[in-house]
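# Survey of secondary and tertiary structure
Each chain is listed here by its residues.
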Amino acid sequence: METIPLIEFQNVTKRFGDRTVLDNVNVKIYENQITTIIGKSGTGKSVLLKHIIGLLKPDGGTILFQGKPVNEMKKSEWDEYRSAIAYLFQNNALLDSMTVFENIAFPLQQTTNLGKKEIEKKVLKRIADLELTEAMDKYPSELSGGMQKRVALARALIEDPKIVLFDEPTTGQDPIRKNMILSMITHYRRKFGFTAVMISHDIPDVFFISDRIIVLWEGRVGFEGTYEETTKIKIPLIDEFLRSLDGFQDELTGLLSREAFRMHYTTMLGGTTRLIAVSAAVLNVRLNILHDALGPQPAVEVLKALGEYTNSHFNAIGGFSARYSRDQILTIFPHTSIDEAKELVAQFAQELKQGALDNIEGIALAKIDAEESFDIYIRAGITEVLPNDKIEQIIERAEANQEIIATHRCNCGGRV
């Protein structure tokens, strides 16, 4: 039995004068997922989001919530639907004249009949949930950009919404901050169980947290599905869109994007079915400490350090690398036997332990309690690349061979 979408657009059309912005759009958004809408400027992304929240009404077609047409709802049903949705604005829309506590409390004061004590209890709980206790008496201008985003998210979550809409949540942020915000969204989505719908241009970073991708193209849906499906099914308009982006490199790590990596791999194959001595390695980084204790920034910094180190180390010997999941890096070694690749990775691990892991420890130590201890460990799997191998097959074989190649124990009361 097919799962009923939480929200569904059926042949939705929206015009502004003579201009058709949404043209018979069909979209399905499923519960407890992160759905990301991408596309060039002016393709209707924000217009689609505003239809979900009810700020705009379609000129044609139907929008359904849990299988029921929104336009057929009674007022009480519409109010219930509308109250289930929160909107996180691109610029956060925090009120400068209010403290963090007052900003988060504001929706409850405006839309509920809760008493002062009940509001205070709910706000303090949400402040604790999002680790904002030390900032609750400060004003937005006194906070960093990432902290302001957490405050905006706390305010969006204060009424326990079923759906949270994110309009370009990482616009204008540097690569580390972008990944921190995306990590925060996926962490709190799991923690609070809301459905996330997001507009973003930050490719490839946003792909690592998205369950489904919707590509809008000239007012129509050009693709709807998982990111893995976009890489397996050759869709011309998606290729054109991806090639039109400035971020054809993973900004955070400096590694190739998936698309650029595939181009390198295809070029290396050169149309032949006979490969001589080509190997690959999959690297993963793990910290055995809870996200709640560590927070998103050190985890992102750790990945950045590993990516940069991988890039500089293996590029020099002709290797090329890409991030294939949030914490997984794939490297191809042309003209390298599997024994040679094992030796290269062993040398990499030794240098990593002597250099980069100390820096990674310093990043993490700055964010956790002095009593905390944790391990950083790097896993690697090495495999031979066979003729006609797909990248997914290479990753699967390499993952099956993974073992720990470098470990660093941090005892904050004294190094081990």
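### Examining the overall build of the protein
When helices and strands are tallied, the protein shows 14 helices and 15 strands. The burial tally for the protein puts 51% of its 416 residues in the buried class. At a minimum sequence separation of 6, the contacts of the protein that also span at least 24 residues come to 73%. In the form shown here, the protein has an accessible surface area of approximately 19600 Å², with 47% of it arising from carbon and sulfur atoms.

### Comments concerning unusual backbone geometry
For Q66, which is not a glycine, the phi torsion comes out positive at approximately 50°. Turning to its location among the elements, Q66 is positioned in the loop between β4 (60-65) and β5 (68-69). Q66 sits in the partly exposed class, given a relative accessible area of 45%. In this structure, E168 takes a positive phi of about 50° despite not being glycine. Considering the arrangement of structural elements, one finds E168 in the loop between β7 (163-167) and α6 (175-192). On the basis of relative accessibility, which here comes to 9%, the residue E168 falls in the buried class.

### Remarks on the pairing of strand β8 (residues 195-199)
The buried fraction of β8 is high, at five of five residues. Neither face of β8 is exposed, since T195, V197 and I199 on one face and A196 and M198 on the opposite face are all buried. Of the strand pairs in this sheet, strand β3 (residues 34-38) and β8 are connected by four bridges, and their pairing is parallel. Residue pairing across strands places T36 opposite M198, the latter belonging to β8. Bridging between β7 and β8 involves five bridges; their strand directions are parallel. The partner of F166 across the bridge, within β8, is M198.

### Some words on helix α14 (residues 391-400)
Along α14, the residues that are buried comprise I391, I394, I395 and A398. In a view along the axis of α14, the buried residues occupy a sector of 95°, so they form one face of it. Away from its buried face by more than 90 degrees, α14 exposes E396 and A400.

### Here's the deal with the sheet that holds strand β10 (residues 220-225)
With respect to topology, six strands assemble into an open sheet ordered β6-β7-β8-β3-β9-β10, the strand pairing being mixed. A single partner strand is all that each edge strand has here, and the edge strands are β6 (85-88) and β10. Neighbour to neighbour, the strand axes of the sheet diverge by 15° on average, direction disregarded. Where strand β9 (residues 212-217) and β10 come together, five bridges link them in antiparallel fashion. Bridging across to β10, I213 finds its partner in G225.

### A few points about the packing of aromatic side chains
If you walk through the whole model with that rule in mind, you get ten aromatic pairs. Aromatic pair F65 and Y81: ring centres 4.8 Å apart, planes at 55°, arrangement tilted. Of this pair, F65 sits in strand β4 while Y81 sits in helix α2 (residues 75-83), and the two are 16 residues apart along the sequence. For the residue pair F65 and Y81, the accessibility class agrees, reading buried in each case. Here Y309 and F348 contribute two aromatic rings whose centre-to-centre distance is 5.6 Å and whose plane-to-plane angle is 45°, an arrangement assigned as tilted. Highlighted residues: Y309 in helix α11 (residues 296-315) and F348 in helix α12 (residues 338-354), separated in sequence by 39 residues. Taking the relative accessible area as the measure of exposure, F348 reaches 0% and is therefore buried. An aromatic cluster is built from Y309, F314, F333 and F348, whose rings are joined through pairwise contacts. Lying over the aromatic face of F192, R126 brings its terminal NZ or CZ to 4.6 Å of the ring centre.

### Examining the sheet that holds β5
If you trace the four strands from one edge of the open sheet to the other, you get β2-β1-β4-β5, paired in antiparallel fashion. In this open sheet, the two edge strands, each paired with only one partner strand, are β2 (19-29) and β5. By the bridge criterion, seven bridges tie strand β1 (residues 7-16) to β2 in an arrangement that is antiparallel. Residue K14 lies in a different strand from β2, and its bridge partner there is L22. Taken strand by strand, helix α1 (residues 45-53) contacts β1, β2 and β4, and its axis lies near 120° from that of β1.

### Some details on the pattern of salt bridges
If the charged atoms of two oppositely charged side chains come close together, the side chains can form a pair. Inspection of the entire model under this criterion finds nine salt bridges. Several salt bridges converge on common partners, so that one network encompasses K122, R126 and D160.

### Describing the packing of helix α3 (residues 100-111) against helix α5 (residues 145-157)
α5 packs onto α3 with a crossing angle of 30° between their chain directions and a minimal axis gap of 7 Å. Taken together, the axes of α3 and α5 are roughly parallel relative to one another. Here the hand of the crossing between α3 and α5 comes out right-handed. Here V100, N103, I104 and P107 of α3 come into contact with α5, specifically with V151, A154 and R155.

### Quick look at the nonpolar core
If you look at the biggest cluster of nonpolar residues, it comprises 42 residues, and the most contacted ones within it are I104, V123, F166 and M198. If you tally residues by element for this core, the top one is α5, at six residues. Apart from the residues lying within four places of it in its own chain, the contact partners of I104 are V123, I127, L132, V151, A154, R155 and I158.

Cut-offs used in this document
- For every chain, the first residue of the written sequence is number 1, and numbering continues from 1 along that sequence.
- For a predicted model such as this one, the threshold for reporting local features is a pLDDT of at least 70, and the threshold for listing and counting side-chain atom pairs is 80 or more; totals across whole chains, interfaces and linings nevertheless cover every residue.
- The side-chain quantities take in all heavy atoms of the structure and omit both hydrogens and water.
- By definition, any uninterrupted DSSP run of H or I lasting at least four residues is a helix, any uninterrupted run of E lasting at least two residues is a strand, and each is numbered from the N terminus.
- Here's how the labels work: a residue is buried when its accessible area is under 20% of the maximum for its type, exposed when over 50%, partly exposed in between, all with a 1.4 Å probe on protein chains only.
- Whether two residues touch is decided by their heavy atoms; if any such pair falls within 4.5 Å, the residues are in contact.
- The protein chains shown are the only cover counted for residues, whose accessible areas, like all others here, come from Shrake-Rupley with a 1.4 Å probe.
- What makes two strands pair is DSSP finding at least two bridges between them.
- Think of it as the arc spanned by the lines of direction from the helix axis to the C-beta atoms.
- Here an angle of 0 to 180 degrees is reported between the N-to-C directions of two axes, which are lines fitted to C-alpha atoms, with helices fitted over the stretch in contact.
- Each pair of aromatic rings taken from Phe, Tyr and Trp, with Trp reduced to its six-membered ring, is defined by centres within 6.5 Å and is described as stacked if the planes are under 30 degrees apart, edge-to-face if over 60, and tilted in the remaining cases.
- In this scheme, the term charge over a ring applies when either NZ of a lysine or CZ of an arginine sits within 6 Å of the ring centre and within 35 degrees of the ring normal.
- The working definition used for a salt bridge is a side-chain nitrogen of Lys or Arg within 4 Å of a carboxyl oxygen of Asp or Glu.
- Just so you know how the angles are binned, under 35 degrees is roughly parallel, over 145 roughly antiparallel, 65 to 115 roughly perpendicular, and the rest oblique.
- Handedness of a helix crossing follows the sense of rotation of the near helix relative to the far helix, less than a right angle counterclockwise being left-handed and clockwise being right-handed.
- Take the buried residues of types Ala, Val, Leu, Ile, Met, Phe, Trp, Tyr and Cys, join any two whose side-chain atoms come within 4.5 Å, and each joined set is a nonpolar core.

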